Amino acid sequence: FNVSIINLIIKNHKNMERQRQKQRKERSALFSNATTTNTRHGKTTSKQSKVGTNSDVSTAAEEAKSITDSLLRTKLMMKEELNRVSAVSDTLDKDHKLLHETNTEHMDLNAIVKNARKTLRVLKSQEMREYVVLTSSIAVFYLVVLYVIWTRVRIPFLLW
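Computed from a predicted structure; not experimentally measured.

**Q** How would you explain the overall build of the protein if you had to name every residue and give the values?
**A** Counting its regular elements, the protein contains 2 helices and 0 strands. Buried positions account for 8% of the 160 residues belonging to the protein. Look at the contacts in the protein between residues 6 or more apart in sequence, and 66% of them connect residues 24 or more apart. As displayed, the protein offers around 14,000 Å² of accessible surface, 64% of which is attributable to carbon and sulfur atoms.

**Q** Describe the environment of Leu98, naming the residues involved and giving the relevant values.
**A** Within the secondary structure, Leu98 sits in helix H2 (residues 54-153). Residue Leu98 is classed as partly exposed on the basis of its relative accessible area, which comes to 26%. Each C-alpha atom, one on Leu98 and one on Ile5, is 9.0 Å from the other, the two residues being 93 residues apart in sequence.

**Q** Mind laying out a nonpolar patch on the surface, listing which residues take part and the relevant values?
**A** On the surface, a cluster of nonpolar side chains totalling about 680 Å² of accessible area is made up of Leu134, Ile138, Phe141, Tyr142, Val145, Ile149 and Val153. Tracing the chain through its elements places Ile149 in helix H2. With relative accessibility at 49%, the residue Ile149 sits in the partly exposed group.

**Q** Which residues make up the pattern of salt bridges, and what values do they have?
**A** Taken as a whole, this structure holds 4 salt bridges when the rule is applied. When the shortest N-O distance is used, the salt bridge between Glu17 and Arg24 registers 4.0 Å. For Glu17, a relative accessible area of 27% gives the class partly exposed.

**Q** Break down the side chain of Gln23 for me, with residues and values.
**A** Looking at the element boundaries, Gln23 is found in helix H1 (residues 2-38). Excluding residues within four positions of it along the chain, Gln23 makes contact with Met77, Glu80, Glu81 and Arg84.

**Q** Got a sec to walk through the confidence of the model for the protein? Specific residues and values, please.
**A** Mean pLDDT over the protein works out to 80, with 81% of the residues at or above the 70 mark. Across residues 35-52 the pLDDT falls below 50, and counting only partners more than four positions away or on other chains, this stretch makes 16 contacts in the model.

**Q** Kindly report on the environment of Arg73, identifying the contributing residues and their values.
**A** Relative to the elements of secondary structure, Arg73 occurs in helix H2. Assessed through its relative accessible area of 33%, Arg73 is described here as partly exposed. With 43 residues separating them along the chain, Arg73 and Leu30 place their C-alpha atoms 7.7 Å apart.

Criteria and thresholds
Per chain, the residues get numbers from 1 upward, laid out in the order the sequence is written. Per-residue local features of the predicted model are confined to residues with pLDDT of at least 70, and side-chain atom pairs are confined, for both listing and counting, to 80 or more; whole-chain, interface and lining totals are unaffected and use all residues. Heavy atoms throughout the structure, all of them, feed into the side-chain values; hydrogens and water do not. Segments assigned H or I by DSSP are reported as helices when at least four residues long, segments assigned E as strands when at least two residues long, and all are numbered from the N terminus. Burial classes follow relative accessibility: with a 1.4 Å probe on protein chains only, a residue under 20% of its type's maximum area counts as buried, one over 50% as exposed, and anything between as partly exposed. Here, two residues are considered to be in contact whenever any of their heavy atoms come within 4.5 Å of each other. Surface accessibility in these figures is a Shrake-Rupley result with a 1.4 Å probe; residues are shielded only by whichever protein chains are displayed. Put simply, a patch holds well-exposed residues, over 30% relative accessible area, that have no salt bridge, with like charges counted together within 9 Å and Val, Leu, Ile, Met, Phe, Trp or Tyr side chains within 5 Å. The salt bridge definition used is simple: a Lys or Arg side-chain nitrogen within 4 Å of an Asp or Glu carboxyl oxygen. In predicted models, pLDDT denotes the confidence assigned by the predictor to each residue on a 0 to 100 scale.

Structure below.
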């Protein structure tokens, strides 16, 4: 039972590590894409640049689209991260409940074992008392039988 819990925790940890590595790669790709878009045409975007020609407008539109796409990817990654953290939190809650139930069950079994030991001690002492009473009863029975035989038979050479 405990081995399966440990295996589940290890499996969950490995899955979380894979997700972290995937997200790191996505982040690095995201940031590298943002820097290449800004410097693709040799210009950085700013509000002070002149937008006079048609190519400047299309370049600005491409950069705006690129930034929008980058922000959408960031938003998606944030949602995925939030879902992952939520899943981890749920898993931790489930593990906490499972550990609490296991602990409660262990305490219950511990109490049952203590009661069983106490009952066994009482039974052993009763058994000992009954053994003493039985052997005493048998001894008294044989003594009474001997006495009855002794008084009825009256053997003269036994000095009675």
